[in-house]
Amino acid sequence: MLEYLCDVDRWKGKITFPHDYLPFTDLVVWERALDRATKIKEVDGTWAFYAELLPVGIPLVEKWEIKGLPERVTYDNFPASPRLVAWLVDCITDLYTKTNASDPNSQGG
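Notes on the structure in this doc start here. (Residues numbered from 1 in each chain as written. Predicted model: local features only at pLDDT ≥ 70, side-chain atom pairs only at ≥ 80, totals over all residues. Heavy atoms only, no water.)

Right, let's talk about the pattern of salt bridges for a bit. All chains considered together, the criterion is met by five salt bridges. Of the charged contacts in the structure, one is a salt bridge between Glu 3 and Lys 14, with a shortest N-O distance of 3.1 Å. Of this pair, Glu 3 sits in strand β1 (residues 2-5) while Lys 14 is found in strand β2 (residues 13-17), placing the two residues 11 residues apart along the sequence. (Salt bridge = Lys/Arg side-chain N within 4 Å of Asp/Glu carboxyl O. Helix = DSSP H or I, 4+ residues; strand = E, 2+ residues; numbered from the N terminus.)

Attention shifts here to helix α3 (residues 82-100). In a regular helix each residue adds 1.5 Å, so 19 residues correspond to 27 Å; α3 covers 27 Å between its end C-alpha atoms and thus fits that length. If you check which residues of α3 are buried, you get Leu 84, Val 85, Trp 87, Leu 88, Val 89, Cys 91, Ile 92 and Leu 95. Of the surrounding secondary structure, the elements contacted by the buried residues of α3 are β1, β2, α1 (24-44), α2 (46-57) and β3 (63-66). (Expected span 1.5 Å × (residues − 1). Buried < 20%, exposed > 50% of the residue type's maximum accessible area, 1.4 Å probe, protein only. Contact = heavy atoms within 4.5 Å.)

Formed by 33 residues in total, the largest nonpolar core has its most connected members in Ile 15, Phe 17, Trp 64, Ile 66, Phe 78, Trp 87 and Leu 88. It is α3 that provides the largest number of residues to this core, a total of eight residues. Beyond its immediate stretch of four places on either side in the chain, Leu 88 contacts Ile 15, Leu 54, Gly 57, Ile 58, Val 61, Trp 64 and Phe 78. (Core = buried A, V, L, I, M, F, W, Y, C linked by side-chain atoms within 4.5 Å.)

Where α1 meets α2, the axes come as close as 7 Å, and the angle between the chain directions of the two elements is 165 degrees. When the axes of α1 and α2 are compared, the pair comes out roughly antiparallel. At the point where α1 passes α2, the crossing takes the right-handed sense. Within the contact between the two elements, α1 uses Val 29, Trp 30, Ala 33, Leu 34, Arg 36, Ala 37, Thr 38, Ile 40, Lys 41 and Asp 44 and α2 uses Thr 46, Ala 48, Phe 49, Glu 52, Leu 53, Val 56 and Gly 57. Across the contact of α1 with α2, the residue classes break down as 10 nonpolar, three polar and four charged. (Axes fitted to C-alpha atoms, helices over the stretch in contact; angles between N-to-C directions. Parallel < 35°, antiparallel > 145°, perpendicular 65-115°, else oblique. Left-handed = near helix turned anticlockwise from the far one by under 90°. Nonpolar A, V, L, I, M, F, W, Y, C, P; charged D, E, K, R; others polar.)

Written out as structure tokens, the structure is:
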């Protein structure tokens, strides 16, 4: 399990991912959504970008402990906060990076 503290002033708390890595099936779904979102953003802007990523990003989180959010967060009840969405995308990006980083505990290369 991996936790991320929310640094968005309005939304204090944390989220927890079920693993300290991004499973491959989740990676495939995330990368597809990211590719679509990047293309959409060029035409329709930031909100369209987030609208493409949120339905994929939200289910990657195992537990939401952010003040003001419902116990079960969905695309339909997610706050219209660009900063919160950007933070979630940053967390998933960090999880992806950690998945592909060298293990600092490993011996050799």
